[in-house]
Amino acid sequence: MDNTPTFPPTKPQTLGILGAGVWGRTLGQLVSQNGHRVEYWSRRGDRSLEEVVTGADILLSAVSMKGVAPVLSQVKAIGPGADTIIVTATKGLDPQTTCTAAQLWQRAFSDRPVVVLAGPNLSKEIQQGLPAATVVASHDEIAATLVQEVFSSSNFRVYTNPDPLGVELGGTLKNVMAIASGVCDGLQLGTNAKAALLTRGLTEIIRIGTHWGAQMETFYGLSGLGDLLATCNSPLSRNYQVGYQLAQGKTLAEILPNLEGTAEGVNTTQVLIQRAKTLEISVPISYQVHQLLEGQITPKDAVEALMLRDIKPE
Ligand SMILES: NC(=O)C1=CN([C@@H]2O[C@H](COP(=O)(O)OP(=O)(O)OC[C@H]3O[C@@H](n4cnc5c(N)ncnc54)[C@H](O)[C@@H]3O)[C@@H](O)[C@H]2O)C=CC1
Ligand SMILES: O=C(CO)COP(=O)(O)O
């Protein structure tokens, strides 16, 4: 039996990539290496949004969360083709609605498939051609399978998943834990502390995610535990860098302008705390990250507060 995988699929697709930041360009590089056509749109670029949207078989949004609502309303006004599949790679929560990016896209385009792409995908490593895996999740299996075929290659392994909310929340909520993890390493708290943080962090992510309607098992996959491990252990992560540099005494105002790209965890923490309060979900680690980002406590205070919580069963 011949087990050789066939990459890429026979019919070349045109991808319109919205947001030509670090992640949008990295994803564009992957699909063009597979023989597909890529058109980028960015707010400071030469191409008009209309040109990119109307010509796309697949419209992939890699804009940071704060740009999603304004960009999608422009896309809606233009009106993509009836068969265009929307893919979202943003990892964040909308401050106005507390929705994820896919929820915003799906609300605006209720008649067409929306696919979430998320996984342990530090862009610098992918740009270097190092092997990585990701997940494409949708309620529409045909759309997810097409996107899987378009992105799959010998060094980018793509899995499908039927729980888009779980996949997206895994990638979104781990950014809060990545800030905490950067603090943990910046304070040199050791491997035991890091293991405790990640394990309890995953429990917290699952508590929030299942409350919001995601499937528990999704969080044990690539986009949950996988992305948590990658982001919380790598100085390539911008969110980890935020925590690490806070632990070294820098302020957010000093850190953020020098990061290469967006650290979504800063905004996500704020939105998450607001939503967790309304829904009365216990989020002890996220709460300490929030206090720290607000400048209300020091990194050492945050650790102490977590260690001194009421003792309880695991
Ligand atoms: N870089 C990475 O390794 C990965 C990033 N992501 C996610 O992808 C998203 C983008 O990340 P990066 O490309 O790294 O960030 P980036 O900061 O490099 O790029 C963000 C893009 O969004 C656009 N944008 C922001 N606000 C906008 C607005 N109001 N209107 C129009 N466009 C706007 C910017 O112009 C830029 O093109 C984030 O949600 C991030 O969490 C996901 C996986 C990996
Ligand atoms: O989501 C990412 C890796 O999967 C990228 O993490 P950062 O946004 O923290 O760099």
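Residues numbered from 1 in each chain as written. Chains lettered and ligands numbered in written order. Predicted model: local features only at pLDDT ≥ 70, side-chain atom pairs only at ≥ 80, totals over all residues. Heavy atoms only, no water.

Draft legend 1. Here's a closer look at the overall build of the chain. Helices and strands together make up the secondary structure of the chain, namely 14 helices and 7 strands. Buried positions account for 53% of the 314 residues belonging to the chain. Within the chain, counting contacts between residues at least 6 apart in sequence, those at least 24 apart form 70% of the total. A total of about 14,700 Å² of accessible surface is found on the chain, and carbon and sulfur atoms cover 52% of it. Separation between the mean location of the 24 positive side-chain charges and that of the 28 negative ones in the chain comes to 4 Å. (Helix = DSSP H or I, 4+ residues; strand = E, 2+ residues; numbered from the N terminus. Buried < 20%, exposed > 50% of the residue type's maximum accessible area, 1.4 Å probe, protein only. Contact = heavy atoms within 4.5 Å. Areas by Shrake-Rupley, 256 points an atom, 1.4 Å probe, with all protein chains shown as cover. Lys, Arg positive; Asp, Glu negative; His and termini not counted. Charge placed at Lys NZ, Arg CZ, Asp CG, Glu CD.)

Draft legend 2. Representation of the site of ligand 2 in the model. Residues in contact with ligand 2, as listed here, are Lys91, Gly119, Pro120, Asn121, Leu122, Lys174, Asp227, Thr231, Leu236, Ser237, Arg238 and Asn239. In this structure, Asp227 approaches ligand 2 through a side-chain N or O atom, which is 2.7 Å from an oxygen atom. The side chain of Ser237 places a nitrogen or oxygen atom 2.7 Å from an oxygen atom of ligand 2. Burial of ligand 2 by the protein chains amounts to 92% of its free accessible area of 300 Å². Broken down by secondary-structure element, the contributors of at least two residues to the shell around ligand 2 are α9 (222–232) and α10 (238–247). Residue composition of the shell around ligand 2, grouped by class: 3 nonpolar, 5 polar and 4 charged. (Near = heavy atom within 4 Å. Polar contact = N/O pair within 3.5 Å; in protein donor to acceptor, adjacent residues only side chain to side chain. Nonpolar A, V, L, I, M, F, W, Y, C, P; charged D, E, K, R; others polar.)

Draft legend 3. Local environment of the packing of helix α7 (residues 164–186) against helix α12 (residues 265–279). At a closest axis distance of 8 Å, the pairing of α7 and α12 adopts a crossing angle of 105°. With respect to each other, α7 and α12 are oriented roughly perpendicular. Only Gly265, Val266, Thr268, Thr269 and Leu272 of α12 make contact with α7, whose side of the interface consists of Thr172, Leu173, Asn175, Val176 and Ile179. The class makeup of the residues in the contact of α7 with α12 is 5 nonpolar, 5 polar and no charged. (Axes fitted to C-alpha atoms, helices over the stretch in contact; angles between N-to-C directions. Parallel < 35°, antiparallel > 145°, perpendicular 65-115°, else oblique.)

Draft legend 4. Region of the structure containing the pattern of salt bridges. Tallied over the entire structure, the rule returns 8 salt bridges. Across the pair Glu39 and Arg47 runs a salt bridge whose closest N-O atoms are separated by 2.1 Å. For Glu39, a relative accessible area of 15% corresponds to the buried category. Here Asp227 and Lys174 are joined by a salt bridge, their closest N and O atoms 3.8 Å apart. Of the two residues, Asp227 sits in helix α9 while Lys174 sits in helix α7, which places them 53 residues apart along the sequence. We classify Asp227 as buried; its relative accessible area is 2%. Exposure remark for Lys174: the relative accessible area of 4% places this residue in the buried category. Through salt bridges that share partners, Arg37, Glu39, Arg47 and Glu51 make up one connected network. (Salt bridge = Lys/Arg side-chain N within 4 Å of Asp/Glu carboxyl O.)

Draft legend 5. Seen up close, the pairing of strand β6 (residues 132–137). By the criterion of burial, β6 is predominantly enclosed, with 6 of the 6 residues buried. Across 3 bridges, the pairing between strand β5 (residues 114–118) and β6 is antiparallel. In the sheet register, Ala118 faces β6, and the bridge partner there is Val135. Pairing analysis gives 6 bridges linking β6 to strand β7 (residues 156–161), with the strands arranged parallel. By the bridge assignment for β7, Thr134 is matched with Val158. Assessed by its sense of winding, the connection that carries the chain from β6 through helix α6 (residues 141–151) to β7 is right-handed. (Pairing = 2+ DSSP bridges. Right-handed = clockwise from strand over helix to strand, strands pointing away.)

Draft legend 6. Summary view of the sheet that holds strand β3 (residues 58–61). The 7 strands lie next to each other as β2-β1-β3-β4-β5-β6-β7, forming an open sheet whose pairing is mixed. Pairing within the sheet leaves two strands with one partner each, and these edge strands are β2 (37–41) and β7. Averaged over all neighbouring strand pairs, the angle between strand axes comes to 25°, with direction disregarded.

Draft legend 7. Here's a closer look at the packing of α7 against helix α13 (residues 284–293). With their axes 9 Å apart at the nearest point, α7 and α13 run at an angle of 70° to one another. In terms of orientation, α7 and α13 fall into the roughly perpendicular class. Within the contact between the two elements, α7 uses Val176, Met177, Ile179, Ala180 and Val183 and α13 uses Ile285, Ser286, Val289, Leu292 and Leu293.

Draft legend 8. Quick peek at the packing of aromatic side chains. Inspection of every chain in the model, using the stated rule, returns 2 aromatic pairs. Seen from their ring centres, Trp105 and Phe109 are 6.1 Å apart, and the 20° between their planes marks the pair as stacked. Residues Tyr240 and Tyr244 carry aromatic rings whose centres are separated by 5.9 Å and whose planes lie at 20° to one another, so their mutual orientation is stacked. Residue Tyr240 and its partner Tyr244 are both found in helix α10; the two are separated by 4 residues, about one turn of the helix. Using a relative accessible area of 6% as the deciding quantity, one classes Tyr240 as buried. Judged by relative accessible area, which is 27%, Tyr244 ranks as partly exposed. If you follow Arg275 out to its NZ or CZ, it ends over the ring of Trp212, 3.7 Å from the centre. (Phe/Tyr/Trp six-rings, centres within 6.5 Å; stacked < 30°, edge-to-face > 60°. Lys NZ or Arg CZ within 6 Å of the ring centre and 35° of its normal.)

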